[in-house]
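Descriptive analysis of the structure
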Amino acid sequence: MDTFFSRIVLFLFFGLLSGFVSAQTYSETLTNPTCASCSDGRIDVDWNYGGRTLRVRLYNSAGNLVHTENYAPYNFTGLGVGIYTIYYQYYKDWGRNRGWRDYTTKTVSLISTTVTVPFEQRTSQNTPTQKIYSVKGDFTMIGNTNLTLENYSNNGNNSGDMVYVDVDSDPNTLNSSSATLDFSTENDAKPQCSNVVYAGLYWTGRSSTTNNIFTISKMGTVLQAVDENFTIEHNDYAPYSDCSVTVNRYDVGRNRTNYLVYYTFKTNVNPDVVFLFYSSGEVYYRVGNGSYIEVTANVNTVSGIMTASFNPITIYSEAGDIIITINELKRGSNPNSSTSYYRNTSEVSGNVSGFTSVETGVVTKTYNKREIYIKHSGESAYQKITARADDIHYPTNLESSIFAAYAEVTDYVQEHGIGEYFVADMALLEGDGGGTGYSGGWGLVVVYENSKMKWRDVTLFDGYAYVQHLGGASTSYELPISGFKAVQSGDVNVKLGLMASEGDVNIAGDFIEIQNAAQTNWARLNHDDNNTANFFNSSISTGGNSRNPNLVNNTGVDISMFDVPNSGNVNIANSQTTTKFRYGTNQDTYAIFALAMAVDAYVPEAEATNIITHIEGVTGEIVDGTIVEPGKTISYKMEIRNRGTEVVNDARLVLPIPYTTEYVSSSVNVGAVTYDVAEGATGSIVWEIGNLPVPSEGPDQILGTLTYTVKVTEDCSILGNSNCDPSVAVGGGGGSTGTGATSGTTISGFSIIQGYETDGDCVGEPIMTPVKIIIDAEDYVAANCTVEEINSDQEFFFCNLGPSASIPITEVSGNFPSGSRFYDNYPIVEGVTEEFTISNEFLADIGTTTYYAVPPGYTTCYYTFKITVKDVSSIPTVNDVTYCKDATANVIRATPSDPSYELYYYMTETDDTPLINFIPPTDRAGVTTYYVAEGESATCLSPNRVPVVVTVNPQPSPIGIFFSN
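The following paragraphs examine the structure supplied in this document.

Analysis parameters
- Residues numbered from 1 in each chain as written.
- Predicted model: local features only at pLDDT ≥ 70, side-chain atom pairs only at ≥ 80, totals over all residues.
- Heavy atoms only, no water.
- Phe/Tyr/Trp six-rings, centres within 6.5 Å; stacked < 30°, edge-to-face > 60°.
- Lys NZ or Arg CZ within 6 Å of the ring centre and 35° of its normal.
- Pairing = 2+ DSSP bridges.
- Helix = DSSP H or I, 4+ residues; strand = E, 2+ residues; numbered from the N terminus.
- Axes fitted to C-alpha atoms, helices over the stretch in contact; angles between N-to-C directions.
- Salt bridge = Lys/Arg side-chain N within 4 Å of Asp/Glu carboxyl O.
- Buried < 20%, exposed > 50% of the residue type's maximum accessible area, 1.4 Å probe, protein only.
- Core = buried A, V, L, I, M, F, W, Y, C linked by side-chain atoms within 4.5 Å.
- Contact = heavy atoms within 4.5 Å.
- Patch = residues over 30% accessible without salt bridge, like charges linked within 9 Å, V, L, I, M, F, W, Y side chains within 5 Å.
- Areas by Shrake-Rupley, 256 points an atom, 1.4 Å probe, with all protein chains shown as cover.
- Lys, Arg positive; Asp, Glu negative; His and termini not counted.
- Charge placed at Lys NZ, Arg CZ, Asp CG, Glu CD.
- Disulfide = S-S within 2.5 Å.
- Polar contact = N/O pair within 3.5 Å; in protein donor to acceptor, adjacent residues only side chain to side chain.

1. With respect to the packing of aromatic side chains
Under the defined criterion, the tally for this structure stands at 37 aromatic pairs. Through pairs of rings, three or more aromatic residues link up here, namely Tyr659, Phe796, Phe816, Phe822, Phe836, Phe842, Tyr851, Tyr863 and Phe865. Cation over ring: arginine 249 sits above tyrosine 259, and NZ or CZ is 4.1 Å from the ring centre. Against the face of tyrosine 906 rests arginine 945, its NZ or CZ located 3.5 Å from the ring centre.

Structure (structure tokens):
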């Protein structure tokens, strides 16, 4: 019997997938070109059939022969994305009809998964180095769609005509939607008492395929409240709606002597509602395919017209739209008449209430995919939000032109808290967007803390991965996550949040998986509004929060937040610190751009309370807004506690000194304290506490006390900035560390609070924000500061950074208010101004560059500063010198290339310690080579050293002179 073995090896980024055809094994891995327009796909084919003459032929999806007469083994290369059919053929060389015969065929596809923007951990501008949020709290997500189908259905894709969603009653916006932010009530936590740690706003869509900025004009509308009674007849519509009624008759006894009249109400959204009105006076109704319900009605007949009156019955209801009720039906009393008779004598009466759109005039908008507008329901005006050009991705004519944008909105959400948020005027288009269709929506992710909640490690990732598949086996992409530490014992609860664009409700095949803790398998995930075979299905599943509109089908917008199954800790084990997610598809096209994860964690609970004890020149209670004069001192007391259940080893607390103060003094009663001018941008108090024991007197026991004093700045460049109001707020602690003696868990930043709430709804909750003291600078500036001093900018110096170096924002950020954003010009000019962040560092160009620091929440306050970068690589001119042994030597002479440079001497070529005014020793004869470098200072030295040779000759031997007669 002939034997058969066929093997296809397709080298691909994503790994090996296997399947079975008949009894033969085929190994398939579908090659992903790096973008949808690339053509670097490859199929390697090798097969064996009993030593016969064999060949393979490759056809594309259009049935065109791509390669022919290719004898196995063969490598098909230069293939683009598509579906291909491989024909395995053998040559029949016996009997009649000799020639090539098909043995079998195999269909394979080359797919495209483009990770255009690698997924990285998202950090806050307030804490740019913090990648894991260890909080007593959680994260949450909200969001909505700003486009919907003109003829909405729960199962329709966005390849049809799309229209704007606009719910904000603002005639100046063309698209808007809303969602309500709320926080957990876990362990009786009060949402209004939770503290916002971070908030990030994402928005995504598919609109113009060629431009990121475009202009549209459209009739503006505003929502207007209505409450109106109506009466309609056959084929009429209820006011302000698409709800129509048709009137027909039905022969009850099938003898054409007793007809009932039935009224059918149809809409594009709600199921049909049918009313029956019998000639005997009974009234029934049903919704959709439900059972008929008898209506208690008051029926009377006047002039041949029967009227049935009853309590209002709702036939149409849509969130954020109108409500239609029916309370009266009329029909002709003749039980045996024509359809036209009943249609001419029938009427329906009811009421329409709620909101309807009213045109307000043509509105012209210039839309930018990087811009969006946000508004809390407590505000009357929107705030414009702009994403940086590299946050995240704005493709045109590639990747289906699906864009995704990001901007941090921590300050806005901290200020406004829980409640309804509106997002408006995304750069979207109405109409038919072709096969992929138009779409657009937004999502908000918020990390928050509340002292009553469990500890969790929260991490956020974003990037841009475009996933496209044209059939065949699945493609996938892995996303590793690390840095968290799951709780050491007991159940580990895991929550996942995802945002994606263009997942279709009726195209299955897309998935997301988590790798199990043993790293041996992957578990498919889903939530209440999707399934494992169609994860990205245009659903918004965020815990049941209110949305307007609240649609089932969000036509290309996916936002989900759900618990990951982890029974028996099978997926995330105790003390686990890393995991992987894998997402992919075997049919759909979508772009995934944001992921959030929370894992039950354990963190040693060291807590520091920072209290102002005295302000020089101030009497009475010290509260937020207390005034202090420049040059005055402020004294603090910091108390350290251990509120956990284990000893904290090697506790170290770092307290950055605000840029508006100067360090004066500090002392501790436990451990040691120093002031390190090099710790942080403006220096820090460093308290080496040692080991924090488990308190013997309970968690309120004070285990150590730090007292310190700072002086309010007298720097005229800070105090004289008329755009800003200088203040003092001591907090932070981001550099603090310690390790749990039992768990081994590391603390990254102590919790530093100013105390606890003593009244209101949040009694007992820690106050996370420091007391803010306002500096009264006006009189001081007028009396002590010159114009030159006021206008002088802070300047930061860097030296010899190298040709490809950059300068982290953390090198300067401590000199400005926490959370400041940094730009290369101000005011911001769209498309011109560059922002510098933790991932986009300052340039290290040689020379002096001016930058601007803008504190959070301000539009007019900014600080100007300069960064000067110097490159010193020159060498001085030197002369070798010679001495006699024990002679008095001089400083080695050298001439710097720049008269302003200083000379620095080294004992050897690799010596790291420069010397000033070096005098060579002469106590030993010999030749010694020293080295000389030049530079502006000991911290800005040329790396090049020039040798100088010092020769010490021995003393000459005494010469004897003899005289003789």
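Once you've had a look at it, read on.
2. Brief notes about the sheet that holds strand β54 (residues 751–753)
Through backbone hydrogen bonds, the strands of a sheet pair up, either in parallel or in antiparallel fashion. Pairing is mixed across the open sheet formed by 5 strands, whose spatial order is β47-β50-β45-β43-β54. Edge positions in the open sheet fall to β47 (661–668) and β54, since each of these has one partner strand only. Adjacent strand axes in the sheet meet at a mean angle of 25° when their direction is disregarded. One ladder, built from 9 bridges, connects strand β43 (residues 606–615) with strand β45 (residues 633–642); its direction is antiparallel. Looking at β45, one finds that histidine 614 is bridged to serine 635.

3. A look at the pattern of salt bridges
Applying the stated criterion to the full structure yields 30 salt bridges. Of the charged contacts in the structure, one is a salt bridge between arginine 643 and glutamate 607, with a shortest N-O distance of 2.9 Å. Of this pair, arginine 643 sits in the loop between β45 and β46 (648–656) while glutamate 607 sits in strand β43; the two residues are 36 residues apart in sequence, bridging distant segments of the chain. When the shortest N-O distance is used, the salt bridge between lysine 711 and glutamate 714 registers 3.4 Å. The exposure class assigned to lysine 711 is partly exposed, which follows from its relative accessible area of 23%. Ionic contacts of the salt-bridge type, sharing partners, join the residues Asp138, Glu186, Lys454, Arg456, Lys495 and Asp600 into one network.

4. What about the nonpolar core?
Of all hydrophobic cores here, the largest spans 41 residues; its most connected members are Leu201, Trp203, Val413, Trp442 and Leu444. Dropping the residues within four chain positions of it, valine 413 is found in contact with Leu181, Val196, Ala199, Tyr421, Leu444 and Val446. With 39 residues, the next largest nonpolar core counts Ile615, Val628, Leu703 and Tyr708 among its residues.

5. Let's talk about a negative patch on the surface
Taken together, the side chains of Glu629, Asp776, Glu778 and Asp779 make up a negatively charged region of the molecular surface. Its location among the elements puts aspartate 779 in helix α4 (residues 778–784). By relative accessible area, aspartate 779 is classed as exposed at 57%.

6. Focus: the sheet that holds strand β14 (residues 176–181)
With respect to topology, 5 strands assemble into an open sheet ordered β27-β26-β30-β14-β39, the strand pairing being antiparallel. For this open sheet the edge positions go to β27 (383–386) and β39 (547–548), each flanked by a neighbour on one side alone. One ladder, built from 6 bridges, connects β14 with strand β30 (residues 419–424); its direction is antiparallel. If you follow serine 178 over to β30, its bridge partner there is phenylalanine 422.

7. What to know about the state of the cysteines
Inspection of every chain in the model, using the stated rule, returns 4 disulfides. Covalent S-S linkage joins cysteine 799 and cysteine 940, the inter-sulfur distance amounting to 2.1 Å. With the S-S bond torsion at 75°, the cross-link from cysteine 799 to cysteine 940 turns out right-handed. Here cysteine 799, found in strand β58 (residues 794–799), pairs with cysteine 940, found in strand β70 (residues 940–941); they are 141 residues apart in sequence, far enough to count as distant.

8. Let's talk about the side chain of aspartate 457
Within the element layout of this structure, aspartate 457 appears in strand β33 (residues 455–468). Of the buried charged residues, aspartate 457 lacks a salt bridge, with lysine 485 as the closest side chain of opposite charge at 9.0 Å. Among the polar contacts listed, one links the side chain of aspartate 457 to the side chain of serine 134, at a separation of 2.8 Å. The contact partners of aspartate 457, leaving out residues within four places of it in the chain, are Ile132, Tyr133, Ser134, Phe484, Lys485, Met597, Ala598, Val599, Ala601 and Val603.

9. Here's the deal with the environment of serine 736
Following the sequence through the fold, serine 736 ends up in the loop between β51 (727–728) and β52 (737–740). Aside from chain neighbours lying at most four places away, what touches serine 736 is Arg652, Leu653, Val654, Ile747, Ser748, Gly749 and Phe750. Within the structure, the side chain of serine 736 is placed 3.2 Å from the backbone nitrogen of valine 654, a separation counted as a polar contact.

10. Some thoughts on unusual backbone geometry
Following asparagine 548, the chain continues to proline 549 via a peptide bond in cis, the omega torsion being 5°. Tracing the backbone through its elements, the reader meets proline 549 in the loop between β39 and β40 (557–564). Here asparagine 187, not a glycine, exhibits a phi torsion of approximately 55°, which is positive. By the secondary structure assignment, asparagine 187 is in the loop between β14 and β15 (195–206). Overall, the relative accessible area of 48% leaves asparagine 187 in the partly exposed class. Notably, serine 401 is not glycine yet its phi reads approximately 60°, a positive angle. Within the secondary structure layout, serine 401 lies in the loop between β28 (392–393) and β29 (402–408).

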